[in-house]
Amino acid sequence: MQCPNCGRNVRSKNQCAYCGHVFNKQEVAELKEETRNEDVVQETPRRSSGGFSRVLWGIIKLVLAVAIVFLAFLYGPRIINQVVDYFQTSDTEVVQNTPEEPVTEAPVTEESEGEEPSEETEDSESATDDSAATSETEESTESSESEEESNADGQLSIVNQEVNLDEYPLTNVALEFNESLDNVDSTTFNFTIDANGETVELEDDYSLVKDGQTLTISFNDPSVAVLSTDAQEQVLNVESESLGVSESISYEVPTTSLDTEQAEFFNSTITDNLASIGDVSAVVYPQDAEVPYVYDDQSVEADALISWFVLGFTFNAIEDGELTLEDPVVVSSDLVAENDEGIVATAEEGTEFTIQELLSAVVEANDVSAMNHLIQETGGPNAFNLWLNESNYFSTRVTQMLTMQESGQVTGAVTSAQDIAQLLNKLANNELVSEEADATIKELLLNTPVTTKYPEGQIAGYQTRYEIASADTNTAQQNYAGIVELEDTYYITVILTSNFTSAEEVVPAISTSISDIVTYFETGQTPEEVAEEETAAQAEEEAEAQAQAEAESLAAEEAAQSQVNVVDESSPETGTVGEDGRTYSNQYVDNIGSYVNLPEETVYDETTGETRPAEWFFDESDGRYYYR
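Here the structure is a predicted model, which is why all the values come from computation and not from measurement. (Residues numbered from 1 in each chain as written. Predicted model: local features only at pLDDT ≥ 70, side-chain atom pairs only at ≥ 80, totals over all residues. Heavy atoms only, no water.)

We now examine the overall build of the protein chain. A count of helical and extended segments in the protein chain gives 13 helices and 25 strands. For the protein chain, buried positions account for 41% of its 628 residues. Within the protein chain, contacts between residues at least 6 apart in sequence are counted, and of these 60% link residues at least 24 apart. Accessible surface for the protein chain amounts to roughly 34900 Å². Of this, 45% is attributable to carbon and sulfur atoms. (Helix = DSSP H or I, 4+ residues; strand = E, 2+ residues; numbered from the N terminus. Buried < 20%, exposed > 50% of the residue type's maximum accessible area, 1.4 Å probe, protein only. Contact = heavy atoms within 4.5 Å. Areas by Shrake-Rupley, 256 points an atom, 1.4 Å probe, with all protein chains shown as cover.)

Here is the structure:
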């Protein structure tokens, strides 16, 4: 009951416990009457259970609820995607091809970095899982009809295409589809190239960019090494079994100006020197070539050569103002590479290095832990992979934190000879970052470790080189990549080898290949022709030297003859001065063993550097005396 003074509920019938008000008789009576009214509960007549109709209605509601949920899973994401696509047709998404996720950070796309997966994606994945589970458990006709309906509704087709070859061998193909591409990722399609009677699968060496209903694929032409005097027709095949897509796009690639004889020599040199030893990929890119000479380009472990891309990525971040060379970086044990014994790996936790010091460690010692810290400092492995993809290094990526194997091999990244050559070509032309930054990179590269894979002193006109190579003791891989500058030109050479028996065999073979190829490209001479020419030149030099010696001897004799007086009966007496102004005395003659009255002459002795008395001899053929 309630207190008539404060209105609060009270249990006492005499006084309010809250305000202290004392109830009078009338208030007590009213409170009692109110209490009796509250205790009375009116009965409500019970309705009939309805029997069968109530049960039937419950079943109908259950069926409707299940049907609504099923339809929501089946068609909900598609309807939502179409609505979103209608209002957001200009959104662009970059799809990365990263088969293995870096362990240091989860993969992200260009626009969703740091965000949670969207509800649309989660619904799509859930619907896909439910559909797959249903197809496995349901029987016969209903399952078949459901699959046919799903395929028919989800089928894509290409309504327009555009091929851009302005930067060939970089190829960009824009494909416009009839429906939204929200559920398309790097695993949706399979791309192959038909060229020169062969079919090449692009695997992961490409990038995809989604823009509304347009999908653009970019890749480096895998058949660029094949020479042709006419334009070559190529076919890009686009296949997706899940979406019912099977399309082919034909186009002609431009002719190249590669020298056929140079290409044949390049291929035969790599085959003879290296292919018989192990697996090899190679590229030679002369300064004046439109496209590089390529030998069996494929994705391989990058080993120490991943540092080329770490340098490019770091200096781009510096150029953009995200870092400076003086910024400190604290050593983290999580980023120290296994089996690494460099200055970063052996430093104590919390030690600071500047960006400049880390870059120097990478260049001068192939410091793997320094590379890990630089990658992390510039945004992490996924930002690194995104930069690689956007820079058209399609075969290059980090797949995990870089580590050092006991063999000396650096693992955790892949690349290709053509990607490295593309980066080196930009650096050679001061187009990698900026002219100033590229000059700084080149200055750093002058301090790389000496490798016997470069043919020191064997290339005529050599000026300098910028190189990074595997350690010569690496038993798993032997890689070399460098810019060799001559007096008037440069040559980019990249050789990647693996699966060989002995590093001692591969290292000199790489050196010989570089020397032979650059020499042939520069002079047009094969190693055999160079050897023959050197032998002939040496023989000619020896003949010239002998002829010169004989001529000098003859000249000396003639000079001696011109200085000797013939001693005859008219010679002056001993101790007197003759008409020729020379003093005569008894001179000992070697070959007759006696003294003769002859002029007193001196000659210069080259052995002692002083003059000495001349030695006389008698020539029986003409009866004259000569001195020497």
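The next subject is a negative patch on the surface. On the surface, Glu528, Glu529, Glu532, Glu533 and Glu534 cluster together into a patch of negative charge. Tracing the chain through its elements places Glu529 in helix 13 (residues 527-563). The exposure class of Glu529 is partly exposed, given its relative accessible area of 38%. (Patch = residues over 30% accessible without salt bridge, like charges linked within 9 Å, V, L, I, M, F, W, Y side chains within 5 Å. Salt bridge = Lys/Arg side-chain N within 4 Å of Asp/Glu carboxyl O. Lys, Arg positive; Asp, Glu negative; His and termini not counted. Charge placed at Lys NZ, Arg CZ, Asp CG, Glu CD.)

Spatially, 11-10-19-18-17 is the arrangement adopted by the 5 strands of the open sheet, whose pairing is antiparallel. The open sheet has two free edges, formed respectively by strand 11 (293-295) and strand 17 (462-469), since each of these has just one partner strand. Between one strand and the next, the sheet's axes are offset by a mean angle of 10°, whatever the strand orientation. Judged from the 8 bridges that link them, strand 10 (residues 279-286) and strand 19 (residues 490-498) form a sheet pairing that is antiparallel. Bridge pairing in strand 19 links Pro286 to Tyr491. Here helix 5 (residues 260-275) sits on the sheet in contact with strand 10, strand 11 and strand 19, set at roughly 30° to strand 11. Together, strand 10, strand 11, strand 18 (477-486) and strand 19 form the strand contacts of helix 12 (residues 503-523), whose direction differs from that of strand 19 by roughly 155°. (Pairing = 2+ DSSP bridges. Axes fitted to C-alpha atoms, helices over the stretch in contact; angles between N-to-C directions.)

The subject of this paragraph is the side chain of Gln477. Mapped onto the elements of the fold, Gln477 is located in strand 18. Judged by relative accessible area, which is 3%, Gln477 ranks as buried. Leave out the neighbours within four places in its chain, and Gln477 touches Glu301, Asp303, Gln409, Ser470, Thr497, Ser498 and Phe500.

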